[in-house]
Amino acid sequence: QVQLVESGGGSVQAGGSLRLSCAASGSIASISTLAWYRQPPGKEREMTATISSSGSTNYEVSVKGRFTISRDNAKNTLYLQMNSLKPEDSAVYYCTADIPRGPAGWTYDRYWGQGTQVTVSL
């Protein structure tokens, strides 16, 4: 019903920048919260940044001031601008979309993308 596809990952040097995109498609009436999660090797997934339907943002402390999350509702697309990248940022990055199941909006489904690899080297 809903598909999320990430793009923009790759290998960069420390201090460099990347811009991740996540395109949502399918039968989408509305999207509540959009978010980026990341999973470093051998670690569990962790929230990296979120953005609500009203545009309010939240960041994991280690990326605050370096990453910027944004959304284009007309294009059903989520972005993550990553600046001043560090080797510790290396991970598989996933986007998520919280979509209400029905018009009541009481229950939601969380959709996940397939992930995109980000590698930051010295």
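Residues numbered from 1 in each chain as written. Predicted model: local features only at pLDDT ≥ 70, side-chain atom pairs only at ≥ 80, totals over all residues. Heavy atoms only, no water.

Enquirer: So what about the packing of aromatic side chains? Which residues, and what values?
Expert: With the rule as written, the count across this model stands at two aromatic pairs. Between Tyr 37 and Trp 112, the ring centres sit 5.2 Å apart and the planes meet at 50 degrees, which makes this aromatic pair tilted. Residue Tyr 37 is located in strand β4 (residues 34–39), and its partner Trp 112 is located in strand β10 (residues 108–112); the two are separated by 75 residues in the primary sequence. Residue Tyr 37 is classed as buried on the basis of its relative accessible area of 16%. Judged by its relative accessible area of 35%, Trp 112 falls in the partly exposed class. Ring geometry for Tyr 94 versus Trp 112: centroids 6.2 Å apart, planes at 75 degrees, classification edge-to-face. Separated by 18 residues along the polypeptide, Tyr 94 in strand β9 (residues 91–100) and Trp 112 in strand β10 bring together distant segments of the chain. When its relative accessible area of 11% is taken as the criterion, Tyr 94 is described as buried. Through a chain of ring-to-ring contacts, three or more aromatic side chains come together here, namely Tyr 37, Tyr 94 and Trp 112. (Phe/Tyr/Trp six-rings, centres within 6.5 Å; stacked < 30°, edge-to-face > 60°. Helix = DSSP H or I, 4+ residues; strand = E, 2+ residues; numbered from the N terminus. Buried < 20%, exposed > 50% of the residue type's maximum accessible area, 1.4 Å probe, protein only.)

Enquirer: Provide a residue-level description of the side chain of Glu 60, including the pertinent values.
Expert: Among the structural elements, Glu 60 can be located in the loop between β6 (57–59) and β7 (67–72). Glu 60 has contacts with Arg 38, Met 47 and Thr 48, leaving out every residue within four places of it along the chain. (Contact = heavy atoms within 4.5 Å.)

Enquirer: Any chance you could break down the state of the cysteines for me, citing the residues and the numbers?
Expert: Tallied over the full model, the rule gives one disulfide. Residue Cys 22 pairs covalently with Cys 95 via a disulfide, S to S 2.0 Å. Taking the torsion about the S-S bond as the criterion, the Cys 22 to Cys 95 disulfide, at about 50 degrees, is right-handed. Linking Cys 22 in strand β3 (residues 18–26) with Cys 95 in strand β9, this pair joins segments that are 73 residues apart in sequence. Accessibility expressed as a relative area gives 3% for Cys 22, which makes it buried. Taking the relative accessible area as the measure of exposure, Cys 95 reaches 0% and is therefore buried. (Disulfide = S-S within 2.5 Å.)

Enquirer: Explain the sheet that holds strand β1 (residues 2–7) to me, and be specific about the residues and the numbers.
Expert: Remark on secondary structure: sheet strands pair via backbone hydrogen bonds, oriented parallel or antiparallel. With antiparallel pairing, four strands are arranged side by side in an open sheet as β1-β3-β8-β7. Each having just a single partner strand, β1 and β7 make up the two edges of the open sheet. Averaged over all adjacent pairs, the angle separating strand axes in this sheet is 15 degrees, with direction ignored. Relative to strand β8 (residues 77–82), β7 runs antiparallel, the two sharing six bridges. (Pairing = 2+ DSSP bridges. Axes fitted to C-alpha atoms, helices over the stretch in contact; angles between N-to-C directions.)

These results come straight from atomic positions and should not be treated as a statement about function.
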